[in-house]
Amino acid sequence: MSHMLDPVHPVTLPGPDSPGLSSAQVAERVARGQVNDVPVRSSRSLGEIVRANVFTRFNAIIGVLWLIMLFVAPIQDSLFGFVILANTGIGIVQEWRAKQTLDSLAVIGEARPTVRRDGGSIEVATNEIVLDDLIEIGPGDKVVVDGVCAEADGLEIDESLLTGEADPVVKRPGDPVMSGSFVVAGGGAFQAAKVGREAYAAQLAEEASRFTLVHSELRTGISTILKYVTWMMVPAAIGLVVTQLVVKNDDLKDAVARTVGGIVPMVPEGLVLLTSVAFAIGVIRLGRKQCLVQELPAIEGLARVDTVCLDKTGTLTEGGMDVTGLRMLDGADETYVRKVLGALGESDPRPNASLQAIIDAYPDSEEWRCVESLPFSSARKYSGAAFSEGDGETSTWLLGAPDVLLGADDPALAETARLNERGLRVLLLARATHDLDGPQPARGARPTALVVLEQRLRPDAGDTLRYFAEQNVRAKVISGDNAVSVGAVAAKLGLSGTAVDARHLPADRREMAEALDEGTVFGRVTPQQKRDMVGALQSSGHTVAMTGDGVNDVLALKDADIGVSMGSGSEATRAVAQIVLLNNSFATLPSVVAEGRRVIGNITRVATLFLVKTVYSVLLAVLVVCWQVEYPFLPRHLTLLSTLTIGVPAFFLALAPNKERARPHFVRRVMRYSIPGGVVAGAATFVTYLLARHSYTGSDALAAETSAATLTLFLISMWVLAIIARPYTWWRLALVAAMGVAFLFVLVVPALQTFFALRLVGMTMPWTAVAVALVAAVALEFLWKWVDRRFPA
């Protein structure tokens, strides 16, 4: 990545307070194509969506078989092709709807950098920036294009996401700034030197924001299953083709129809569709709640989370604060202190929430003039400014965390601790004795006053924390504030546990993981520590979600399994998070978790249905080859069975509520049920078929044998469906019953009997088919209980 640090081509830097480009200059650059034309979101186009849904391996297999059947058999044997067309159409429509939802939300959550043009500052879309634009930046802003620093006021930029270097870099006029980095302290402006795809981070951003259905355990697991299915299908299909042509050498069309009837059900064609539809509907549902899912598998990821790390400010508390008290220290003059606080507020052009509360409480004294400033940074835990006081006097002041600025034995810390225990936030105003640009500006600072701030709790935070507790998801509050204060806030929201000062946490990852397991609330955490804490939790086997809105959360958000940012958070946090809560409501998180659990739990459930069919189809093909008999089914029979016992029920089951926490090992969990279920269904069906071959004689014997075998297979498939549908609710019972009634309808209505070639002959064989199915159902119940005990998920 060395090319990132190449010096930017020499440019003429604008002077301080430059008016920026004129409208004419902007228009000229747009005409020359010197505009930042990188698409904000590179979601799939309609053409790409259609291609992805139409041109699949299994659509190709089934498409060829369908064309063959259209020429050699009645239309009812080609029904499976129309089902595939409908499935593909549903997949395209749902993904297109999800794309529109995502794209509209992306516009709402899109960053709008501030540029200087015609002497004024205006917000523009990222893709409206032109070459040489003067872009203003402050804490939390992401650098959107490569450029050269033109103005700097204590400007510190974190380039760790690009270079891996953890320490912020101080920028001065003339220094290069790189797209993809972000401001952690101070402010300034830089001139755009590379725009569009020339900017280093443009390709990264384009790739990172791509709408995708891949890179999730669910999708990877299904791909693995499909790979094995393909390997099973090939030899079984070849054996079936040879056998049927030999056995039915007098009737080529019927041989082809029965061969295709054996191959088609091996394909779990609806499984990929249902996964895509479930994900897409999840995106649409969350979109209605103003939740932008920047990476689709994040829905699945959050469902697997067992630990959620919460940043206090902006997550448990609202962004705003109120000054509720001012405590003088060492006999300080309150009137003078109020002037100092007013001047400090005025000295920072981009105040954080604490400083904004001070600005609201203490108006600026106009005769004071700021001559030097030290912006707040979450690593330092304080800010500062030097003033000319109007009467010729100069003074330097620091405002920040008392336990950072004061010595361990200072009496003011006892007062601070009492206030922290009530959940109040306390800042120390101290007079500095060293220059702000020195190595240790806080050394020897004289405490002057304590500023007491009250944080506004989010009204929905308590309910959300209770939800996580009920779902066995552990919450860890990680904050840069005082541990006692954070612990008191957490206690007000019903989160019990010990409060730990992160400065005393062990550096060793294993030891840190143990400390994190024991503690609940952690204060005085530095940005780098947040990242280390996320890594420590992951190293001990936890799946970690991190929520935050401040620039100090970026590194941890990026490293967490799932990063969740507030819509009002800094641009940098929104850029690295997988999920953005555009309505800034922490209470939306349970909806995201529930959506993920619904998707994973239900797809695991319905995947078993599809794969039981694949297993019994392959087994039937093998048995037919071994016994050298006609394949018992025509395509129309298995189309009917698949629709009633898999297709329709799976669609409803895949979209039902499901609160069970997602568990790993998707492939193992699905196959441990599918293999015994498919083997029992295939074996029982073939037994009925062989019994029917001994029972029936004459020209119509094969049709009667097929009908008996179909009855057994339907009843067993219904039993599999009944097991999968547990635990029962009224609508699940109604769904299973409706499928049974539909099949009964086919058996008793003469027109449907003829259409599907299903007619039960006599009394003995149909009741034998029922008896075989009942024995198989008992075997299924026993086997699946044994599997649960022998191979726990």
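Please refer to the structure placed before this passage.
Residues numbered from 1 in each chain as written. Predicted model: local features only at pLDDT ≥ 70, side-chain atom pairs only at ≥ 80, totals over all residues. Heavy atoms only, no water.

1. Considering the overall build of the protein chain
Reasoning step 1: A count of helices and strands for the protein chain gives 27 helices and 21 strands.
Reasoning step 2: Projected onto its principal axes, the C-alpha positions of the protein chain cover 120 × 60 × 40 Å.
Reasoning step 3: Taken across its 793 residues, the protein chain has 58% of its residues classed as buried.
Reasoning step 4: A sequence separation of at least 24 residues applies to 74% of the contacts in the protein chain between residues at least 6 apart. (Helix = DSSP H or I, 4+ residues; strand = E, 2+ residues; numbered from the N terminus. Buried < 20%, exposed > 50% of the residue type's maximum accessible area, 1.4 Å probe, protein only. Contact = heavy atoms within 4.5 Å.)

2. Digging into the pairing of strand β19 (residues 544-548)
Reasoning step 1: Counting buried residues in β19 gives five out of five residues, a clear majority hidden from the surface.
Reasoning step 2: Burial of the side chains of β19 extends over both faces: Val544, Met546 and Gly548 are buried on one face and Ala545 and Thr547 on the other.
Reasoning step 3: Inspection of the sheet shows strand β9 (residues 307-310) paired to β19 by four bridges, in the parallel sense. When the bridges of β19 are listed, Val308 appears paired with Ala545.
Reasoning step 4: Taken together, β19, helix α19 (residues 554-559) and strand β20 (residues 562-566) constitute a β-α-β crossover, and its handedness is right-handed. (Pairing = 2+ DSSP bridges. Right-handed = clockwise from strand over helix to strand, strands pointing away.)

3. Observations concerning the packing of aromatic side chains
Reasoning step 1: With the rule as written, the count across this model stands at 13 aromatic pairs.
Reasoning step 2: Both rings, one in Tyr467 and one in Phe468, keep their centres 5.8 Å apart while their planes meet at 65°; by these two values the pair is edge-to-face. Residue Tyr467 shares its accessibility class with Phe468, and that shared class is buried.
Reasoning step 3: Between Tyr673 and Trp784, the ring centres sit 5.0 Å apart and the planes meet at 45°, which makes this aromatic pair tilted. Of this pair, Tyr673 sits in helix α23 (residues 666-695) while Trp784 sits in helix α27 (residues 764-790); the two residues are 111 residues apart in sequence, bridging distant segments of the chain. Across the pair, exposure class does not vary: Tyr673 and Trp784 are buried alike.
Reasoning step 4: Ring pairs connect the aromatic residues Tyr336, Trp368, Phe387 and Trp397, which therefore count as one cluster.
Reasoning step 5: Taking the ring centre of Tyr673 as reference, the NZ or CZ of Arg672 above it sits at 4.6 Å. (Phe/Tyr/Trp six-rings, centres within 6.5 Å; stacked < 30°, edge-to-face > 60°. Lys NZ or Arg CZ within 6 Å of the ring centre and 35° of its normal.)

4. Concerning the packing of helix α9 (residues 269-288) against helix α21 (residues 589-627)
Reasoning step 1: The geometry of α9 relative to α21 is characterised by a closest axis approach of 10 Å and an angle of 170° between their N-to-C directions. Overall, the two elements α9 and α21 adopt an arrangement that is roughly antiparallel. Residue-level contacts link Glu269, Gly270, Leu271, Leu274, Thr275, Ala278, Phe279, Ile281, Gly282, Arg285 and Leu286 of α9 to Ser591, Val592, Glu595, Arg598, Val599, Ile603, Val606, Ala607, Phe610 and Lys613 of α21.
Reasoning step 2: When its residues are assigned to classes, the contact of α9 with α21 shows 12 nonpolar, four polar and five charged. (Axes fitted to C-alpha atoms, helices over the stretch in contact; angles between N-to-C directions. Parallel < 35°, antiparallel > 145°, perpendicular 65-115°, else oblique. Nonpolar A, V, L, I, M, F, W, Y, C, P; charged D, E, K, R; others polar.)

5. A short note on the packing of helix α15 (residues 461-470) against α21
Reasoning step 1: For the pair α15 and α21, interaxial distance at closest approach is 10 Å and the crossing angle is 30°. One element, α15, and the other, α21, form an angle in the roughly parallel class. In this structure, α15 uses Thr464, Tyr467 and Phe468 to contact α21, whose residues at the interface are Leu589, Pro590, Val593 and Ala594.
Reasoning step 2: In terms of residue class, the contact of α15 with α21 is built from six nonpolar, one polar and no charged.

6. Looking at α9
Reasoning step 1: In a regular helix each residue adds 1.5 Å, so 20 residues correspond to 28 Å; α9 covers 30 Å between its end C-alpha atoms and thus fits that length.
Reasoning step 2: Judged by how many residues are buried, α9 sits mostly within the fold: 17 of 20 residues are covered.
Reasoning step 3: One or two steps after α9, the chain reaches Gln290, where phi turns positive at roughly 60°. (Expected span 1.5 Å × (residues − 1).)

7. Considerations on a nonpolar patch on the surface
Reasoning step 1: There is a patch of nonpolar side chains on the surface, built from Leu67, Leu70, Phe71, Ile75, Phe82, Leu85 and Phe755 and spanning about 690 Å² of accessible area.
Reasoning step 2: Listing elements by their share of the nonpolar patch, those giving two or more residues are α3 (57-72) and α4 (79-109).
Reasoning step 3: Of all the elements, α3 adds the most residues to the nonpolar patch, at three residues.
Reasoning step 4: Topologically, Ile75 is positioned in the loop between α3 and α4. (Patch = residues over 30% accessible without salt bridge, like charges linked within 9 Å, V, L, I, M, F, W, Y side chains within 5 Å. Areas by Shrake-Rupley, 256 points an atom, 1.4 Å probe, with all protein chains shown as cover. Salt bridge = Lys/Arg side-chain N within 4 Å of Asp/Glu carboxyl O.)

8. Side note on the sheet that holds strand β21 (residues 579-581)
Reasoning step 1: Spatially, β8-β21-β20-β19-β9-β16-β18-β17 is the arrangement adopted by the eight strands of the open sheet, whose pairing is mixed. Of all the strands in the sheet, just β8 (291-293) and β17 (499-501) have a single pairing partner and so form its edges. Sheet twist, expressed as the mean angle between neighbouring strand axes with direction ignored, is 20°.
Reasoning step 2: For strand β16 (residues 474-478) and strand β18 (residues 521-523), the ladder comprises two bridges, and the chain directions are parallel.

9. Some words on the environment of Gly462
Reasoning step 1: Relative to the helices and strands, Gly462 resides in helix α15.
Reasoning step 2: Judged by its relative accessible area of 7%, Gly462 is buried.
Reasoning step 3: Sequence separation between Gly462 and Gly494 is 32 residues; the distance between their C-alpha atoms is 6.5 Å.

10. Structural notes on the nonpolar core
Reasoning step 1: Judged by nonpolar contacts, the single largest core of 132 residues is most densely connected at Leu302, Ile579, Ile603 and Phe743.
Reasoning step 2: When near neighbours in sequence (up to four residues on either side) are disregarded, Ile579 contacts Cys291, Leu292, Ala298, Leu302, Ile562, Gly563, Val564, Ser565 and Val592. (Core = buried A, V, L, I, M, F, W, Y, C linked by side-chain atoms within 4.5 Å.)

11. With respect to the side chain of Ser179
Reasoning step 1: Summarising the element assignment, Ser179 is placed in the loop between β6 (176-177) and β7 (182-194).
Reasoning step 2: In this structure the side chain of Ser179 is engaged in a polar contact, spanning 2.7 Å, whose partner is the side chain of Asp146. (Polar contact = N/O pair within 3.5 Å; in protein donor to acceptor, adjacent residues only side chain to side chain.)

12. Quick notes on the pairing of β16
Reasoning step 1: Across the five residues that make up β16, a large majority, four, are buried.
Reasoning step 2: Relative to β16, β9 runs parallel, the two being bridged by four bridges. Across the sheet, Thr307 pairs through a bridge with Arg474, a residue of β16.

13. Quick notes on unusual backbone geometry
Reasoning step 1: For the bond from Arg726 to Pro727, the omega torsion is -5°, close enough to zero to count as cis.
Reasoning step 2: With respect to the secondary-structure elements, Pro727 resides in the loop between α24 (701-724) and α25 (730-748).
Reasoning step 3: At Asp330, a position not held by glycine, the phi torsion is positive, near 55°.
Reasoning step 4: The topology assignment puts Asp330 in the loop between β10 (317-328) and α11 (334-347).
Reasoning step 5: Judged by its relative accessible area of 71%, Asp330 is exposed.

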